[in-house]
Amino acid sequence: MTALNSIESVRNAAVKAVAETTITDLHTHIFPPSHENLLLWDINELLTYHYLVAELFTMAPAEITYQAFWKMSKTQQADLVWENVFLKHGPLSEACRGVMTVISKLGLQDELAKRDLGAIRKWFAAQKVEDYVQKVFDIAGLDYAIMTNDPFVPLEATQWTEDKPGHPLMKTALRIDKLIVNWPHAVEIMRSYGYDVQVLDDSSYSEARRFLKHWAEKLKPEYMAASLPPDFEYPKDDAMGRAMQNIVLPVAEELNLPLAMMIGVRNRATVNPALGDAGDAVGVANVEAVQNLCRENPNIKFLVTMLSRVNQHELTVLGRKFRNLHLFGCWWYCNNPSIIDEMTRQRFELLGTAFTANHSDARVLDQLIYKWTHTRKIVGGVLADKYADQFIAGWRVTEDEIKRDARHILGGSFEAFMKK
Ligand code: HDL
Ligand code: ZN
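These figures come from a predicted structure and were not determined experimentally.

Chemist: Kindly report on empty space enclosed by the protein, identifying the contributing residues and their values.
Modeler: Across all of its chains, the model carries one cavity of 30 Å³ or more by this definition. Estimates place the volume of the largest cavity at around 30 Å³. Lining of the largest cavity is provided by Leu46, Tyr49, Leu52, Ala95, Gly98, Val99, Gln367 and Tyr370. Elements with a minimum of two residues in the lining of the largest cavity: helix H6 (94-105) and helix H18 (367-393). No other element matches the three residues that H6 contributes to the lining of the largest cavity.

Chemist: Summarise the environment of Ser6; cite the residues concerned and give the values.
Modeler: Positionally, Ser6 belongs in the segment before helix H1 (7-20). Residues Ser6 and Gly329, 323 residues apart in the sequence, show an inter-C-alpha distance of 31 Å.

Chemist: Let's hear about the domain arrangement of the chain: which residues, and what values?
Modeler: In terms of domains, the chain is made up of domain 1 (7-39 + 136-419) and domain 2 (43-126). A C-alpha centroid distance of 28 Å is found between domain 1 and domain 2. Opposite the 22 residues of domain 1 that make contact, domain 2 presents 20 residues. Looking at the side of domain 1 facing domain 2, the largest losses of area belong to Leu275, Tyr370 and His374, adding up to 27% of the total buried there. Inspection of the domain 1/domain 2 interface yields zero salt bridges.

Chemist: Run through the sheet that holds strand S6 (residues 259-263), naming residues and quoting values.
Modeler: In space, the five strands of this open sheet follow the order S4-S5-S6-S9-S10, with parallel pairing throughout. Looking along the sheet, the strands with just one partner apiece sit at the ends: strand S4 (174-175) and strand S10 (325-327). Of the pairings in the sheet, the one linking strand S5 (residues 224-228) to S6 comprises five bridges and is parallel in character. Paired with Met224 across the two strands is Leu259, which belongs to S6.

Chemist: Break down the pattern of salt bridges for me, citing the residues and quoting the values.
Modeler: Under the counting rule described, the total for this entry stands at 29 salt bridges. Between Asp277 and Arg268 there is a salt bridge, with the nearest N and O atoms lying 3.0 Å from each other. Judged by relative accessible area, which is 33%, Asp277 ranks as partly exposed. Residue classification places Arg268 among the partly exposed positions, given a relative accessible area of 25%.

Chemist: Describe in detail the side chain of Asn358, supporting the description with residues and values.
Modeler: As for its position among the elements, Asn358 is in the loop between helix H17 (337-351) and H18. On the accessibility criterion, Asn358 (1% relative accessible area) is buried. Engagement of the side chain of Asn358 in a polar contact is seen with the backbone nitrogen of Cys330, the distance being 2.9 Å. Only 2.9 Å separates the side chain of Asn358 from the side chain of Thr375, close enough to count as a polar contact. Those residues in contact with Asn358 that lie beyond four places of it in its chain are Gly329, Cys330, Asn335, Ile340, Trp372 and Thr375.

Criteria and thresholds
Residues numbered from 1 in each chain as written. Chains lettered and ligands numbered in written order. Predicted model: local features only at pLDDT ≥ 70, side-chain atom pairs only at ≥ 80, totals over all residues. Heavy atoms only, no water. 1 Å grid on protein atoms, 1.4 Å probe; cavity = no way out; pocket = protein on both sides within 12 Å on 5 of 7 lines; lining within 4 Å. Points joined across faces, edges and corners; volume = space filled by probe spheres on them. Helix = DSSP H or I, 4+ residues; strand = E, 2+ residues; numbered from the N terminus. Domains from an automatic or database assignment. Contact = heavy atoms within 4.5 Å. Buried area = accessible area lost by both parts, 1.4 Å probe. Salt bridge = Lys/Arg side-chain N within 4 Å of Asp/Glu carboxyl O. Pairing = 2+ DSSP bridges. Buried < 20%, exposed > 50% of the residue type's maximum accessible area, 1.4 Å probe, protein only. Polar contact = N/O pair within 3.5 Å; in protein donor to acceptor, adjacent residues only side chain to side chain.

Right, here's the structure in full:
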């Protein structure tokens, strides 16, 4: 294929390549339809996404208390969000825009323009979930998504112990936060399965490793994952440091199972527990913990994303230092156009294409549509700028090479890293 011979043509090719490339979504909270009502989907779930619940309480009148809200039905909660966040105030937040993008991409632009929530609900009620999963994946343009599978959540664990079928478009990830950040809770759950764990000592370490290996066998996960607080340090002789050192890292190495760390969540317990899933906030975390983990464990692969915008530059520099470190995503409070743009530019400038531009973190199936529609638009624009810079510097590139690079930052480099 001949090289493109103008800035205009490389820009257009970059935007087109990102708009059309197949994406691998390496972190979500979706579930197989067979896992009872764990899979969330439809307009009521979209409107009661915890991002929008938080926004409701930034605007709702005082008489709408947290207690009253949580007692309502999902439909009543959705009505409140629609009325207070969408109708009474300009729905300008990224989470609001997401709901609108989903509705429009599903072909309900007229119903949306008329703000006809009843008609939109009727359309969703007519969908068959198995077909709808495929439809959403097709619109989003994904080859597969990786779930979050937490054996410390009894309802989730039951689906696997009862051998409920998975889904061909959904791969697994073994979620282990509680083992690191809430040992007493982890002990309670592991003991309920008959594991002889008590305090953080050698006998409990080996039992906890046995628990992890059992679930790794059961789930066949792509990676183990843990969301960690801003004060996570490594090495550290505290409960988190000891669990990491004596339980998680040995299992990761023994099973050659990568560890994904998502660092910087300020837990709802210390922020606002009344908001439920919406109660967590963000804190500047310790990038040196990542540096020490990568340096001291060259045989373990680490996938890392951090929650604070403040941590991003230091982490991206670290991405240049370790072959066993792969950076991914604009996570949660970073998954907004202004920050996705900044992070993606920084990553291209420091890492070339050796990173994964985003993950959806979708909790509601339908969100795969908006999270990726919005990301494709921003990343496509950034990639176009990079190719324009490259053209001006004198390099010439073909459309196939641009397609190759677009895939690389949206799943390709992740898969290459996992195979290394
Ligand atoms: O811990 C995580 O995986 C986070 O993504 C949380 O689930 C968070 O509530 C979320 O959904 N962020 O998008
Ligand atoms: Zn998540």
